[in-house]
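Architecture at a glance
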There are 2 protein chains.
Amino acid sequence: MRDFKRRSRVLLIDDNADHLRGVKELITLESCYEVVGTTTSANIGINLAKKYHPDIILMDVNMPEKDGLQAIQEIEKLDLDIRIICLSGYDDADLIFRAMKIGAKGYVLKTMASAQLIYAMDEVAAGKIYLPTALTSRFFEYFQNSFREDTKASAEENLLTYLTAREEEVLDLLTQGNNYKAIAGKLFISETTVKTHVNNIFQKLQVNDRTQAVLYALNNGFANRRLSKIAV
Amino acid sequence: MRDFKRRSRVLLIDDNADHLRGVKELITLESCYEVVGTTTSANIGINLAKKYHPDIILMDVNMPEKDGLQAIQEIEKLDLDIRIICLSGYDDADLIFRAMKIGAKGYVLKTMASAQLIYAMDEVAAGKIYLPTALTSRFFEYFQNSFREDTKASAEENLLTYLTAREEEVLDLLTQGNNYKAIAGKLFISETTVKTHVNNIFQKLQVNDRTQAVLYALNNGFANRRLSKIAV
DNA sequence: GGATATATCAATCTAAAGATGTAAGACAAA
DNA sequence: TTTGTCTTACATCTTTAGATTGATATATCC
């Protein structure tokens, strides 16, 4: 399987020596992957990653000394195109979310069948991102929960809906930091007209100045259609 | 299946009448679900949702008249505990992301086998969130990508790091829509001092006015470790 | 046809924001 | 001690922002 190119090389990082040995045996005996290194230390693991450039790292995320997530971040920063799969004893939604956020390509529970781990490695080796169905569900519960508050706030009444098309255009330019003159220039209308629109926007959004208008817009789904960030 | 309680009731919304008929037949003949309504109009669909309180809605997200995502948002706002599964012709990552963000409990491609749709409905009816493995992978590529830029952007040079502690306080109040007087009052300093700080902030962030300063702050991780929103 | 909503523009005025220069006290590092 | 940064503060001035009133043209809706 995928042996036509070359065997994918795997590095194992797990502070539990027993589990480490077990996984190594599993991979060596029941898969096409080559284990190029094993370690119980996250820090050593990072160095081994630099040294051997494995294709895949299986990383335990529950380690005392150094947090597995931290180790993932450090390895990701190296930008070595190493694909990391998390091994974890817990299906904690927050943990899954953070792992995927910082770039893990997979997340498998230690309690899952060994076939599942091999399958995850196959998928990840093929360039995909793999999360077991059950964990996917947990991830999305957490993911959607982080937005629900926002939705509720704007669910009450989104004043943005009262804006006319033109006013939305003006507001959009406001949310890009334009002043009256710049907006007038971009919309090919006079500055006084822009002032009229802006004043109407203030009335409708019930704010006093452009900064508040911009903040209202950004906090109430005035989609600049690009993402903003989520804290780790 | 799950018939021990009662048959889950399903509402179908799809502007393609042919596809609508096909799905209805599929569900009626090959599943335990009861179709309580079908419509080709998103707006009518919203009203039917209010009227019938179905357990599940299958929603086409590629409709002309009204955007399917918009319809989902409106239904979610009603807070009727209706679980919505997206039906789509496209495995567009952005579309999947936005759908899941606003609360869809599943996302299935029209090209997928009918068994997959039934399976998705079973999972969703059981309270889970379901995304086919292939789409999960696409979702996470998009998801992780949305953070990579940030990391890089803020890695280049984040001008926010040049701010002093006091300037950060002032900027924080700026990002809450305060004017000079309000900031002076909250920090127990004079208005002229606030002006000094604000001017220094402008210099350091290389912007011309407070709106631009606020936008810079929000776009460069001035979000104080709480989740911020992602635009739909 | 008349009511209503929208988009355009102008004049005027007040308040707020922003630019610039100066400076004193606190405090920490060299 | 000196140097430097930070915080505070004031004066002055120009520019921009915002409020208000009024007016015209163009649609759309009933």
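This section reports on the structure supplied with the text.

1. A short note on the overall build of chain A
From N to C terminus, chain A includes 10 helices and five strands. Among the 232 residues that make up chain A, the fraction classed as buried is 50%. Long-range pairs, those at least 24 residues apart, make up 64% of the contacts in chain A between residues at least 6 apart in sequence. Surface summary for chain A: the accessible area is close to 11,100 Å², and the carbon and sulfur share equals 48%.

2. Describing the nonpolar core
By size, the foremost hydrophobic cluster in this structure holds 106 residues, and its most contacted members are A:L58, A:Y107, A:F139, B:L58, B:Y107 and B:F139. Not counting the four nearest positions on each side in its chain, A:F139 is found in contact with A:I96, A:F97, A:M100, A:L131, B:F139, B:F140 and B:F143. Core analysis: the next-biggest nonpolar cluster, separate from the first, contains 22 residues, B:V170, B:L174, B:I201 and B:Y216 among them.

3. As for the protein's contact with DNA strand D
What surrounds DNA strand D is a group of 17 residues, the closest being A:N179, A:N199, B:T164, B:R166 and B:S190. Take the atoms of DNA strand D that sit within 4 Å of the protein: sugar and phosphate atoms are 69% of them. B:S190 has a polar backbone atom sitting 2.7 Å from a phosphate oxygen of DNA strand D. Listing elements by their share of the surface near DNA strand D, those giving two or more residues are α9 (191-205) of chain A together with α7 (165-174) and α9 (191-205) of chain B.

4. Some thoughts on the sheet that holds strand β4 (residues 83-88) of chain A
Residues and elements named next belong to chain A. One open sheet holds the five strands; their spatial order is β2-β1-β3-β4-β5, and the pairing between them is parallel. With one partner strand each, in any of the chains shown, β2 (34-39) and β5 (106-109) form the two edges of the open sheet. On average, each strand axis in the sheet is tilted by 20° relative to the strand beside it, whichever way the strands run. Alignment of strand β3 (residues 56-60) against β4, held across five bridges, turns out to be parallel. Looking at the pairing, M59 lines up with C86 of β4. Across the sheet, helix α4 (residues 93-101) touches β4 and β5, and the angle it forms with β5 is around 150°.

5. A look at the environment of B:T111
Tracing the chain through its elements places B:T111 in the loop between β5 (106-109) and α5 (114-125). Each C-alpha atom, one on B:T111 and one on B:Y90, is 8.9 Å from the other, the two residues being 21 residues apart in sequence.

6. What to know about the protein's contact with DNA strand C
Taken together, 16 residues form the shell around DNA strand C, and within it A:T164, A:R166, A:S190, B:N179 and B:N199 come nearest. Of what DNA strand C places within 4 Å of the protein, 67% of the atoms are sugar or phosphate. For DNA strand C, a phosphate oxygen lies 3.0 Å from a polar atom in the side chain of A:T193. Contact between DNA strand C and A:H197: a phosphate oxygen at 2.9 Å from a side-chain N or O atom of the residue.

7. Considering the pairing of β5(B)
Residues and elements named next belong to chain B. Of the two faces of β5, both are covered, the one formed by G106 and V108 as well as the one formed by Y107 and L109. Of the strand pairs in this sheet, strand β4 (residues 83-88) and β5 are connected by four bridges, and their pairing is parallel. When the sheet's bridge partners are listed, I85 is paired in β5 with G106. Read as a crossover between parallel neighbours, the route from β4 over helix α4 (residues 93-101) to β5 is right-handed.

8. Considering the packing of helix α1 (residues 17-30) of chain A against helix α5 (residues 114-125) of chain A
The relative placement of two packed helices comes down to the angle between their axes together with the axis-to-axis distance. Residue and element names in this part refer to chain A. Interhelical geometry of α1 versus α5 gives an angle of 70° and a closest axis separation of 11 Å. As judged from the angle between their axes, α1 and α5 are roughly perpendicular. At the point where α1 passes α5, the crossing takes the right-handed sense. For the pair formed by α1 and α5, the contact residues are V23, L26, I27 and E30 on the first element and S114, L117, I118 and M121 on the second. For the contact of α1 with α5, the class distribution of residues is six nonpolar, one polar and one charged.

9. Quick notes on the pattern of salt bridges
All names here are of chain A. Applying the stated criterion across every chain yields a total of 16 salt bridges over all chains. Its salt-bridge partner being D60, residue K110 comes within 3.3 Å of it at the nearest N-O pair. Here D60 lies in strand β3 and K110 lies in the loop between β5 and α5, a separation of 50 residues in the sequence. As a salt-bridge pair, K204 and E167 come within 2.8 Å of each other at their nearest N and O atoms. Of this pair, K204 sits in helix α9 while E167 sits in helix α7 (residues 165-174), and the two are 37 residues apart along the sequence. Taking the relative accessible area as the measure of exposure, K204 reaches 26% and is therefore partly exposed. Residue class for E167 comes out buried when judged on its relative accessible area of 5%. Bridged by salt links that share partners, the residues D14, D60 and K110 form one connected network.

10. Looking at unusual backbone geometry
Residues and elements named next belong to chain A. In this structure, H53 is a non-glycine residue whose phi angle is positive, near 45°. Its place among the elements puts H53 in the loop between α2 (42-52) and β3. Here H53 falls in the partly exposed class, since its relative accessible area comes to 40%. Positive phi, close to 55°, is recorded for Q206, a residue that is not glycine.

11. Quick look at α5(A)
Residue and element names in this part refer to chain A. Between its first and last C-alpha, α5 extends 17 Å over 12 residues, near the 16 Å set by a 1.5 Å rise per residue. Tucked into the core, α5 has its buried residues touching β1 (9-13), α1, β3, β4 and β5. Looking one or two residues past α5, G127 carries a phi angle of roughly 90°, positive in sign.

The rules we used
Residues numbered from 1 in each chain as written. Chains lettered and ligands numbered in written order. Predicted model: local features only at pLDDT ≥ 70, side-chain atom pairs only at ≥ 80, totals over all residues. Heavy atoms only, no water. Helix = DSSP H or I, 4+ residues; strand = E, 2+ residues; numbered from the N terminus. Buried < 20%, exposed > 50% of the residue type's maximum accessible area, 1.4 Å probe, protein only. Contact = heavy atoms within 4.5 Å. Areas by Shrake-Rupley, 256 points an atom, 1.4 Å probe, with all protein chains shown as cover. Core = buried A, V, L, I, M, F, W, Y, C linked by side-chain atoms within 4.5 Å. Near = heavy atom within 4 Å. Polar contact = N/O pair within 3.5 Å; in protein donor to acceptor, adjacent residues only side chain to side chain. Pairing = 2+ DSSP bridges. Axes fitted to C-alpha atoms, helices over the stretch in contact; angles between N-to-C directions. Right-handed = clockwise from strand over helix to strand, strands pointing away. Parallel < 35°, antiparallel > 145°, perpendicular 65-115°, else oblique. Left-handed = near helix turned anticlockwise from the far one by under 90°. Nonpolar A, V, L, I, M, F, W, Y, C, P; charged D, E, K, R; others polar. Salt bridge = Lys/Arg side-chain N within 4 Å of Asp/Glu carboxyl O. Expected span 1.5 Å × (residues − 1).

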